[in-house]
Structure formats: structure tokens, C-alpha cells
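Per-entry structural report
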Amino acid sequence: MDPADAAAAADAAAPIATLVQELFVADGPVDRPVRIASLVAFQGDHRTLTERDLPRIASTLVEDIAEETADEISDQSRPALTDALARTLHSLGTVDLDDLRAVRLGPEAFARHLAIAAPDADEELDPADAHTHASLREAVCAHILRFLTLRSPFVAAAEDAAFEERYAQDIIAAHDHLTIYGIDLAHSPDSWPLDAAYLSLETETDGGGPSAPAEQALAGRTRVLLWGVAGSGKTTLVQRLAVSVARGDLPAPLEGLRGRVPFVLPVRRFRRAEPNRDGFPGPGASPEPGAFPEPDAFLSAVRYPHAAAQPPGWAERVLSHGRGLLLVDGVDEAPEEERERLREALRELPTRYPGNVWLVTSRPSAVRENWLASERFTELKLSPLSREGVTAFIRRWHAAARQDITDRADLDRLSGYEETLLDAVRITRDLGRLATNPLMCGLLCALHRDRRGYLPRGRKALYDAALSMLLERRDRERAMLPPDGIDLPQEPKIQLLQKLAHWMLVNGRSEMDRATALETLGRHLPAIPHAALQGGPEEIYRHLLNRTGLLREPTPGSVDFVHRTFQDYLSARAVVERHDFDFLIDHAHLDDWEEVIRMSVALARPDECAYLLEGLLAARKDARPVHARHRKLLAAACLEHATELDPEVRSRVHRYTRDLVRPTSLEGARALGWIGPIVLEMLPDPTGVSDEEAHRLAVTATSIADDRAIDYLVRLRDRASWAVRAQLAGAWRRYDTDRYAEEIIAHLDERELDFPVSDLEELRALRRLGGRPCVQVAGALTPEQLAEGLVAERLTELWLAYDLGADLDLSWLAVFPRLEILRLSHRNAEVTGVPEGVQVIVAGP
């Protein structure tokens, strides 16, 4: 049920609930099961009704339930149905069931119980009216059971516990796996258990603090807004949290989430649209508002298949008792005009239901800095994968792929692919730039294996190769006959998928109803004869869903692309083929269109690229200043994707955007990071700027995880400003370890500066530089590694910025004779063995 439908149903049900409540006494025990017969208000010592009141109540119930269900009851049938329902209600006084057993029976079985208790209720009804009475009886029973559940904390608790056990198992079943695209299905599956494929992600605070594993960063926080670019692993982290909490198998930093109830709430499920036949919004066909659902509509809003089985008021009770884990995934997938309403809900609900834990995710471009800061949300950002993170992902991916391979030769080949890919991403700059997040790493792994060790270069080439692999080569090279009898070449498949992607782009959707998908395919099939000859919309839809690896049905009745990036790329292909460049320019201020416009530049011909970029630079009378700035920055971001472009146009883009890349605030400096490496060519020479501006330029440059940034940062390394030095030191993990150590770390003034170490490679590099007096250890290094790697005669202050466990023996610190201060980011149950003269400071909670 849609949230709006649920709200309407709740409004309609209110009078019925009042009538049902009138049937029962107001008092009575609520700490144990109680017989329903002792609760009815028309018998016993505390009666408030007489049996003559039952026809009155029955008559109103017939009217109200008919209105609720939109059933029509004729004037001739109404008296007989009222009498039959009154007899059914009277049987409540003879039912030998307690409230708990009745609730567990459910409305249908409880209605049958009442039918047996009142065998004469249908005597005077014809077959049609008897059928109507059965429907009325079951509807009334549903309301009665809701009343009994809400009335008794004992019944509610018993039902809640039973439902939560089932719900937890469903959460695990739905989310405890990851799909990794492009695997040869003849030898291994296309998905693996979450535990096998999950890579712990790194986060950083927007204030530039030390990075930390996501689980550690989330520990102790009850409200978090998590930013991450497309493919950075936001949804995977949501899955991981939901499954870990549902299973009760939590990493040490997240023990505080034990016993909570996870609600996985993808924002895209909060709205639905009914477009016109051309796929465009039209009169009477605009999307419904994307309101955040009320708690009791959470499960129906995300189409949980057993939403109807949740006990009445269950979600409300979970939140009222502060037991919820609210995982609101993908604010960026709400249309821009609806995000403010979403923000209001994220302000109001945590206040209304204190004590719950909230994690909200979004692409960075969709919400501004401090979007929820007034509501005490901590803003964290998923870091690009470090070189070590890329290595770990590739190794984990290949380990997962080996799980179901038994042939020795195949295992050896896969191990060989693993090593050659690791070498390639370390040595080849283009590949290193692509391998910055889990999605791209997974795509590289799949392509590398599929192509026997060959990888394309550049974003367009990568996606073209991915489409070739997924849509044609995989089945063809396995000599696999089409299981559904449909044999389509690659290009017709791409054309059809483009139609679906383009519909989603135009309608601001990342998901569409299955019926809309079928209607869209049906309109376009006649123009693609190769496909039309092989089946109708239903057959072609099933083929695209089952054989391309690009579509999925996340819930019954809906379809989306396996990742938004594929949707954006196919949308761009459709727009370029239609020559809809004015259409792109008109929507360039919307962040949802950024990737589509970038990819369109990569796909377009030189004259089309020039037209599009000129359009982004052109002044528009109706444009707000912030939108004009956004368009110009987007033009700059597109330059690196243009294979061929008039030099004058390229120069004009540089000229228009030169002043925009002198950020005047830290927020603006960080916002420039989304542009990518091209911004390094436009940043001003930092030599003669103030320390304050130099810090902002350092923030921008270190936001670009590309080794080319080192060349720019070299010009900032001799600054005396602590803020600049700290920014440069904290960015080490994003770049080539040895080069960054030699060109940046070695030149930074040591005074009052903590030098970060996140892995063994950095520890060894710092030792080669002679060590440093103040070292911050952010990676899980052992005492033995630290004792060997840190330069003992130089170390005076050590900061251990990771969870060291419950009981901590610090006697190993005795090897550092000059150590004066030890900082710990996690309070431990017991700290022992601290050498004399060492001051211990706990920096974390």
C-alpha cells in the first residue's frame, strides 16, 4: 500500500475503531491473556451496552466498512446484512478464546470461529448476501483484533516478539547477499553471501578529522548523514547494518545496536508517478508527493511482502520505546523539489521518537553541507578506496569468486588474473583513477576475468565493454542457447534498455512500475523489428530482466537498473541519439543529471560537445546564481570526457570557470571535489595567497584522489600554517604511499603536527623518513608492528585512533623511552601496564 493510501485507509478506519471499542468494556486485566467473552460490553456486571444496541452498531459498521472497501450494498440487502452482522457480534459473548489466541489466529480464522459460534446468522440471506456478510465479518474481525492488540500490552508484546523474529529472518534473506556483475555463470554464481564479499568502508568527517572504518565512525552516534558518490558502497553499508542487527552478529564497535529493529527505507520507494503515454509528466499525471511514511506504513511503503502481518501499532511501539534502527537510503533519489519535505520529516520524526538510531545516505551533490546539522546529525563521508582498499577489494572479490570453483586449472587461472589486475591498477594511471569505489572495482574485476586479462581504458570504453560483456559476449562465448527462446543481438537490447532508462530520466525516477515498463516496451517494439519478431512486451521484458544482468525486480511489481550508473549511461546514449542537447541544458542545474551530462559529452560528436558546453556556459534569464555556478562547474567537469573538442571552446570553458575555482569557504572548497582531476588544471598558483586561502586550496586538491594532485600539493608543503600542514598530512592515504612520503610528508614542518599512519606500508615509509615525534595510528596495527616500525628515540606523543578491545595492556610502550602522551580514541574497560610518566588521554566516548 502506498503511504498516501495507508493514510487514507487510517482516516477511514477511525470511526470503525470507535464502534469496535464500544463493544468492549473499558477496564480489565492487561498483564495476561483474558477471555474475549468476559470483555464484551453487553453482558456481565459492568455492561455498558444492551443486546438491543448491537443492531445499531452493526448498521453503522455495514455502512462504514462498505465505504472503506468501496463495496456497494443495495437498500434491499442492508436490513438483512445488518441483522446477520448483529448476530455475529452477539456471538463474541460465547467465544471460548482468549485475546492472545484470537490475535494469533488472524482475521480470516477468527471470522470462521465466529461463523461457527453464530450458525443462524446467514439463515435468511441469499448466496450473494451471504458472501457479502462473510466479507463484512472478516473486516470487522480485523478491526476487533487490532483493538485487542492495542488494548493489551501483554498481547502486543507477545505478537511483537513473534513478528520480529519472522521480520529479522526476512531482513536477512533479503539483504544477506551481494551481486557482483559479469561473472561467468557456468562456473560460479552471480552473488555471494554478504560476509564473503563485504569490504569495510572508510569514512571521514566533513571537518577533516582522521578517517576511520565506517563501523567505528558510526559507534555511539544516533543520527548520521552519510555522503558517498555513486558506487561508493552506501547501500552495501545499509545492507550490512541491517543484516548484522537482524542476526545479532555485530562487530565490537556496534554492540550498542544489539536488540534494535532495522527498518531499511529506500527513499525511491516513497513516491510513485503515473506519466502520460509518451513517458513525460502531463496534466493529471504528475508524481504524487514523496512524503515520508508514518511508522505503521514503513513496511508497506517499501513493499515488504508480509507488511499486512505486522501487529497493529507495532512500528509505533518500536519507535516509541527507542528500539529502531532507521536506515534511510538515497536522499538523492527523491526529486529535488521533494527533498525539503523529506528534510522536514527527518527533523520531525527523530524528535517525536527519541532514542532511535538514524542513518541517512545521499550522494554529496544532492544535499548541501549541514543539511541536517540543526537536528544534531553528524555528517560523515565515505572515502574513496585507498590503494590498500582497492587491493583488499580485488582480493576479496576473487576469493568470493573461487568459492564454487572446483577445477584446479580454473582456480589457477583466476589466481593469475588476480595478480595481473593488482599490478595493472597500481601501475596504470587510467585504471587507478577508475578504481576508486566498490562499484568500479567490481566492474574492473568482472571485465578483467571475462576478457582473459584485458581491460579497456576510460569511462566510455569501460561501460561499452561492460555492456558488451553483459549483453552479448558472456552467453555467446559459453555457447549457451537462449533459455527463453529469444536470441537478440547486443544493439537491440541496448536500444530497449535505453527506452526504459530514458523514461526514468525524464520522470525523475530510479525505479518504475512493471506495468509502465511493459507499456514503454510495447510502444517502442514496432520500431525494433528484430525484437518485435521474437516476442511481445512481456516476453521481451522477461528476457531483458533475466539475461542482461542490468535489470532487477527489487520488489514485486517494480523494476530498476542494478546500479544507477548503468541507468545514467544508457540515458545519455538515448539523449545523444535523439539530439536532445537543449533538453540536457535545460536540466543541467539538477544534480540528478550530472552523470548523464558528463557521459553525454563522452558519447557526443565534437560539434555536439561544443554545443552542449556552450549551452552550459550561456547566461539564462531565469537561472538562479547558484544554478549558473553549477552549470559552469559542470562544463569544467565535462572537459576530461570530451575525446575531441574545438580548442577555442575548451579555452572558453577554462576562462569562464577560472574564478569559480578560488573557493571562499571550506564548504565551497570541498564541493569542488566532485569536479575531479580537471580542477587541478584550473586552481590558482598557491604561492602568493594567504594561509587561509591556501588551506581552502589544500582542501580542494586533497579531495581529488588522483596522484596528479601531488604535483599541486608540492607547492603547499612548505607552508608554516598548521591547518595547511594538517590537511596535507591527513591526505596521505589517498595517494601513492612512497611518492607522497617523499614529496609531501618529508617536507612538512613537524611542530604540533600528528603524522597519520593507516597501514604497515605507511608505517615503514615514515620510519625511512626518520620517524616523527607525534604519530596518529588509524589502522589496526599490532603492538609488535608499532614497536618495530616507530622510531623509539623520536616518539613523544602517540595517538591510537582505532578500537583496541576491551582490556588493554600497554606495557609494550616501555620500548619508547621519550613517550610522554598517549591518546586513545576509545574508552576501554581496563587499561593496564602504562609506563611511568606517560599521560593517557581518552579522546573518544
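One structure accompanies this document, and this report is about it. Throughout, a residue's number is its position along its own chain's written sequence, starting from 1. Totals for whole chains, interfaces and linings use all residues, but because this is a predicted model, local features are given only for residues with pLDDT of at least 70 and pairs of side-chain atoms are given and counted only at 80 or more. Side-chain calculation: all heavy atoms of the structure are included, whereas hydrogens and water are not.

Per the secondary structure count, the protein includes 34 helices and 19 strands. Each residue is placed in one exposure class: buried if its accessible area under a 1.4 Å probe, protein chains only, is under 20% of its type's maximum, exposed if it is over 50%, and partly exposed if it falls in between. By the burial criterion, 56% of the 845 residues in the protein qualify as buried. By definition, residues are in contact when any of their heavy atoms lie within 4.5 Å. For the protein, restricting intrachain contacts to residue pairs at least 6 apart in sequence, the fraction spanning at least 24 positions comes to 67%. In the form shown here, the protein has an accessible surface area of approximately 35800 Å², with 50% of it arising from carbon and sulfur atoms. Numbered from the N terminus, helices here are DSSP runs of H or I no shorter than four residues, and strands are runs of E no shorter than two. For accessible areas, the Shrake-Rupley method is used with a probe of radius 1.4 Å. Any residue's cover is judged against the shown protein chains and nothing else.

Only strands that DSSP links by at least two bridges are regarded as paired with each other. Across the sheet, which stays open at both edges, the seven strands sit in the order β4-β3-β9-β5-β8-β7-β6 with mixed pairing between neighbours. Edge positions in the sheet fall to β4 (212–213) and β6 (261–266), since each has one partner strand and no second. Pairing of strand β3 (residues 202–205) with strand β9 (residues 378–382), which is carried by three bridges, proceeds in the antiparallel orientation. Paired with Glu204 across the strands is Lys381, a residue of β9. Every angle, taken between N-to-C directions, lies between 0 and 180 degrees, and every axis is a line fitted to C-alpha atoms, over only the stretch in contact when it is a helix. With respect to the sheet, helix α9 (residues 234–247) is in contact with β5 (223–227), β6, β7 (324–329), β8 (357–362) and β9, its orientation differing from that of β7 by roughly 160°.

On to the packing of aromatic side chains. Only rings of Phe, Tyr and Trp enter the pairing, Trp through its six-membered ring, and a pair is recorded when the two centres are within 6.5 Å. The plane angle decides the type: under 30 degrees is stacked, over 60 is edge-to-face, the rest tilted. The tally for this structure, following the rule as stated, stands at 16 aromatic pairs. Residues Phe24 and Phe147 carry aromatic rings whose centres are separated by 5.0 Å and whose planes lie at 20° to one another, so their mutual orientation is stacked. With Phe24 in the loop between α1 (3–22) and α2 (53–69) and Phe147 in helix α5 (residues 127–151), the pair connects residues that are 123 residues apart, well separated along the chain. We note that Phe24, like Phe147, is buried.

For Leu660, the position within the fold is in the loop between α27 (647–657) and α28 (666–671). Excluding residues within four positions of it along the chain, Leu660 makes contact with Arg629, Lys632, Leu633 and Leu672.

Of all the five residues making up β9, four are buried; the element is thus mostly covered by neighbouring parts of the structure. Pairing analysis gives four bridges linking β5 to β9, with the strands arranged parallel. The partner of Trp227 across the bridge, within β9, is Lys381.

Here we come to the pattern of salt bridges. The rule for a salt bridge is simple: a side-chain nitrogen of Lys or Arg has to be within 4 Å of a carboxyl oxygen of Asp or Glu. With the rule as written, the count across this model stands at 48 salt bridges. Where Lys460 meets Asp464, a salt bridge forms, and the shortest distance between an N and an O atom there is 2.9 Å. Separated by four residues within a single helix, Lys460 and Asp464 lie in helix α17 (residues 459–477), roughly one turn from each other. Using a relative accessible area of 33% as the deciding quantity, one classes Lys460 as partly exposed. Glu538 is the partner of Arg514 in a salt bridge, and the nearest nitrogen-oxygen pair spans 2.4 Å. Taken as a pair, Arg514 in helix α19 (residues 514–524) and Glu538 in helix α21 (residues 537–547) lie far apart in primary sequence, 24 residues in all. For Glu538, a relative accessible area of 30% gives the class partly exposed. It is possible to trace a salt-bridge network through shared partners that takes in Arg395, Arg402, Glu418 and Glu419.

A word on the sheet that holds strand β15 (residues 797–800). Taken in spatial order, the five strands line up as β13-β14-β15-β17-β19 in an open sheet, and their pairing is parallel. Every other strand in the sheet has two partners, leaving β13 (755–757) and β19 (839–842) as the edge strands with one partner each. Across the sheet, the mean angle from the axis of one strand to that of its neighbour is 20°, orientation sign disregarded. Across four bridges, strand β14 (residues 774–777) lies against β15 in parallel orientation. Across the sheet, residue Cys774 finds its bridge partner in β15, namely Glu797.

Grouped together as the largest cluster of nonpolar side chains are 145 residues, with contacts concentrated most on Phe561, Tyr740 and Leu798. Take this core: its biggest share by element is nine residues, from helix α18 (residues 490–506). Excluding its chain neighbours within four sequence positions, the residues that come into contact with Leu798 are Val775, Val777, Leu790, Trp812, Leu813, Leu819, Ile821, Leu822 and Arg823. Formed by 63 residues, the second largest nonpolar core is a distinct cluster that contains Tyr167, Val328, Val331 and Ala334. In this description, a nonpolar core means a group of buried Ala, Val, Leu, Ile, Met, Phe, Trp, Tyr and Cys residues linked to one another through side-chain atoms lying within 4.5 Å.

If you trace the backbone, His133 turns up in helix α5. Taking relative accessible area as the criterion, His133 reaches 0% and is therefore assigned buried. For His133 and Asp122, which are 11 residues apart along the polypeptide, the C-alpha to C-alpha distance reads 7.9 Å. Only 3.5 Å separates the side chain of His133 from the backbone oxygen of Ala84, close enough to count as a polar contact. Polar contact is defined as a pair of N or O atoms within 3.5 Å, subject to the rule that within protein one atom must be able to donate a hydrogen and the other to accept it, and that residues adjacent in sequence are counted only when both atoms are side-chain atoms.

This part takes up unusual backbone geometry. The general pattern is negative phi for most residues beyond glycine and trans for most peptide bonds. Backbone geometry places Arg303, a non-glycine residue, at a positive phi of 65°. Along the chain, the position of Arg303 falls in the loop between α10 (298–301) and α11 (314–320). Despite not being glycine, Glu752 shows a phi value in the positive range, around 55°.

Here the focus is the pairing of β6. Buried residues dominate β6, accounting for six of its six residues. Side chains of β6 alternate between two faces, with Val261, Phe263 and Leu265 and Pro262, Val264 and Pro266 buried alike. Inspection of the sheet shows β6 paired to β7 by six bridges, in the parallel sense. Its bridge partner being in β7, Val261 is matched across the sheet by Gly324.

Our next topic: a nonpolar patch on the surface. Residues enter patches when their relative accessible area tops 30% and they take part in no salt bridge; the joining distance is 9 Å for like charges and 5 Å for the nonpolar side chains Val, Leu, Ile, Met, Phe, Trp and Tyr. A cluster of nonpolar residues, Val831, Val834, Val840 and Val842, forms a patch on the protein surface that exposes about 220 Å² of accessible area. Relative to the elements of secondary structure, Val840 occurs in strand β19. Note on Val840: relative accessible area 33%, which makes it partly exposed.

Bringing the packing of α18 against α21 into the picture now. Axis separation between α18 and α21 bottoms out at 11 Å; the angle between their running directions is 100°. For the element pair α18 / α21, the angle class is roughly perpendicular. Across the interface between the two elements, Lys493, Leu496 and Leu497 of α18 pack against Ile540, His543 and Leu544 of α21. For this classification, Asp, Glu, Lys and Arg are treated as charged, while Ala, Val, Leu, Ile, Met, Phe, Trp, Tyr, Cys and Pro are nonpolar and the rest, including Gly, are polar. The residue makeup of the contact of α18 with α21, split by class, is four nonpolar, one polar and one charged. Angular relationships are summarised with four words: roughly parallel below 35 degrees, roughly antiparallel beyond 145, roughly perpendicular across 65 to 115, and oblique for the angles in between.

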